[in-house]
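Descriptive structure summary
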Amino acid sequence: MRAAWRDRVARARRALRVHRWYGEGPLHLLLMLASFALTGYAGVRLLAGGQWPLVIVWFVGAALLHDLVLLPLYALADRAVAGYTAGTGRHRAWTAYVRVPAALSGLLLLVWFPLIAGSVGSGAAAHYEAATGLPGGVFLGRWLLITAGLFAVSALWLLGRTVQQRPPGAARRRRETKQRPAAGD
Amino acid sequence: MGAHNPLTPPTSPSFWRSPLRGPRLTALLGMVLLAGITLLFVTGLLSYAAYNPNLAGGVNDKTPGKGLLGFYLFSWPTDPHWLYRLTQGVHVTLGIALVPILLAKLWSVIPKLFTLPPARSPGHALERVSLLLLVGGALFEFVTGILNIQLEYLFPGSFYPLHFYGAWVFIGAFAAHVVLRVPRTVRALREREDPGAAADETGLVAARPDPPTVTRRGALGLVGAGSLLLFVATAGQSIGGRWRGTALLAPHGGRDPGSGPNGFQINKTAAYVGIRSQDTGDDWRLTVEGGGRRVRLSRAELLRLPQHEAALPIACVEGWSTDDQRWSGVRLRDLAALVGLGERPPDLLVESLQLHGAFRRAALRDNQVRDPRSLLALRVGGVDLSADHGYPARIIVPAAPGVLNTKWVSRLTFGEW
């Protein structure tokens, strides 16, 4: 029983063995071909409309825009925040207290950008209002208030940490500690 | 990302500095996406079936060239009456909540995009093409879906074919990716730690990591918090009740458009789709056709027919829904009986007065017509329908997508059309 199982595993290994020319196992090739066949079947239908060049631009552009613009932008922003809030000899790093609310607020903005940005101009808000009967100009304000709330919670948390960790009786250091949240404003 | 030496290109392994990256982080995010995207795909297919696109005449079909991709279609049931509210609420809310997971997953593997040489072998080249379809497809589906629910129809073409065929393009690449990566993913989740950079064949572990500014648990916590926040800011538009107030950024969250029995959420207002008050006044007549007969009825005549009540929600493809509303009106099967088709009512074509909208002509299947809760509704919550909810008369059918609950009905054709 065990020997038969081992034999089967060995055979499976051989089937997966890297082919000299193809560079992967034969199962890899079959999987790729099956995948591309389905993609092709759906793809010709996706591109059947008159706007097929734009559909390709959207499909590929989404990947490029994310990989080459959005990701580098937020990574650089995060790097700047981490550099600015790094710990020094006098206090611990407070990166998380900026990073977390900023990331959460940015995420909300990213997902609901059409509604939030549409709140400012008259066109998009009017379109939304005409369709749904709901006020279209409220989303920017709501997003700003949520952002304010996130940063306020973060500030309180930082304050709590600061107060908790204050060594007792150290008056001079206490003064410095109190200035810490202000540096984050 | 980034490097101490600004000349280090992203194609160099030492460009990537985050100590968070590694097979374990990617595997964990990958498993969450595997479960989440599978559920998204299934609920998406269900939504497609809920439109009954293969009904005779294809009036509901926005993808007539679907071919074998409609292989699984079935008669959409009318029970439970909240079925579409659930499946589509899950589809949209889950899609929104998965955004941070998807972004984190893509971040975790970004060094692989810049790997040199671009292809080691023909097999590797095929796989990279497949990965472009995977990433492009995922982002295409998320972007078209998220734009559509915000009524921002920027995409090139109609939403239905783009989102439906795009999903199939994506799922082909997704399935291949899952099969190829499951063994390494399982191994990564079993291991206590990532291998060192030298022993890491995935190419994810940083060769020269920067000191950490956050623990991996902390980073995952941030991703989870993002998911949770998006969920809280969205889910209320589907759950309804007082939870609608928590969905502060969702298109149909926050509050209802009015008060009183007609104060619930509106998909498209009367003015938006070109309903003129003179068309819905006393001169309005409903035409009922079928079996070679035709009947024309005024609203007063409809109100003199037997009135029935049904408590049913409106559930939109955009993911939002209303609580059950108390509708009253004439049963669709009673209207079929007016033209002699009361025994076994057939499929029904519903036409609206509205001038715009992809579903101003829509078809209902016989199982929907025969359900005793399926009404030509004249009143809601004890008062006449408002203009925005379809006065003088609208369709309401249990478990059907919102757009099939046609408003401002002008003509019903039973059977052949």
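What counts, and at which threshold
Residues numbered from 1 in each chain as written. Chains lettered and ligands numbered in written order. Predicted model: local features only at pLDDT ≥ 70, side-chain atom pairs only at ≥ 80, totals over all residues. Heavy atoms only, no water. Domains from an automatic or database assignment. Contact = heavy atoms within 4.5 Å. Buried area = accessible area lost by both parts, 1.4 Å probe. Salt bridge = Lys/Arg side-chain N within 4 Å of Asp/Glu carboxyl O. Helix = DSSP H or I, 4+ residues; strand = E, 2+ residues; numbered from the N terminus. UniProt positions renumbered as here; feature names shortened; annotations may be inferred. 1 Å grid on protein atoms, 1.4 Å probe; cavity = no way out; pocket = protein on both sides within 12 Å on 5 of 7 lines; lining within 4 Å. Points joined across faces, edges and corners; volume = space filled by probe spheres on them. Nonpolar A, V, L, I, M, F, W, Y, C, P; charged D, E, K, R; others polar. Buried < 20%, exposed > 50% of the residue type's maximum accessible area, 1.4 Å probe, protein only.

**Notes on the domain arrangement of chain B**
Often, the extent of an interface is quoted as the loss of accessible area on bringing the components together. Residues and elements named next belong to chain B. The domain architecture assigned to chain B consists of domain 1 (13-237) and domain 2 (277-414). Centre-to-centre separation of domain 1 and domain 2, based on C-alpha positions: 39 Å. Taken together, the 29 residues of domain 1 in the interface contact 32 residues of domain 2. Together domain 1 and domain 2 conceal approximately 2,600 Å² of surface at their shared face, both sides included; 53% is due to carbon and sulfur atoms. Interface area lost by domain 1 to domain 2 is led by T78, H81 and R85, which between them contribute 27%. A salt bridge links R373 to D79; the nearest nitrogen and oxygen atoms lie 3.2 Å apart. Of all the elements in the fold, those that place two or more residues in the side of domain 1 that touches domain 2 are α1 (23-50), α2 (83-97) and α4 (122-149).

**Structural notes on the UniProt feature "domain: Oxidoreductase molybdopterin-binding" (unreviewed entry) in chain B**
UniProt tags residues 280-414 of chain B as "domain: Oxidoreductase molybdopterin-binding" (unreviewed entry). Overall, residues 280-414 of chain B shows 13% helix and 36% strand. The separation of its end C-alpha atoms is 23 Å.

**Observations regarding the UniProt feature "transmembrane region" (unreviewed entry) in chain B**
All names here are of chain B. Residues given the UniProt feature "transmembrane region" (unreviewed entry) here are residues 25-51, 90-110, 131-151 and 163-182. The span residues 90-110 shows a helical share of 86% and a strand share of 0%, and its end C-alpha atoms are spaced 29 Å apart. Secondary structure over residues 131-151 splits into 90% helix and 0% strand, and the C-alpha atoms at its two ends are 30 Å apart.

**What about the layout of surface pockets?**
Taken as a whole, the second largest pocket spans an internal volume of roughly 1,700 Å³. In this structure, the second largest pocket is lined by 50 residues; those nearest its centre are A:Y74, A:D78, A:R99, A:A103 and B:L222. Elements represented by at least two residues in the lining of the second largest pocket include exactly α3 (52-84), α4 (95-111) and α7 (139-164) of chain A together with α1, α3 (99-108) and α6 (216-232) of chain B. The biggest single contributor to the lining of the second largest pocket is α4(A), with 11 residues. The residue inventory of the lining of the second largest pocket, partitioned by class, reads 37 nonpolar, eight polar and five charged.

**So, the side chain of B:T87**
Residue and element names in this part refer to chain B. Here T87 shows up in helix α2. By relative accessible area, T87 is classed as buried at 8%. If we ignore the near neighbours within four places in the chain, the residues touching T87 are T43, L46 and W76.

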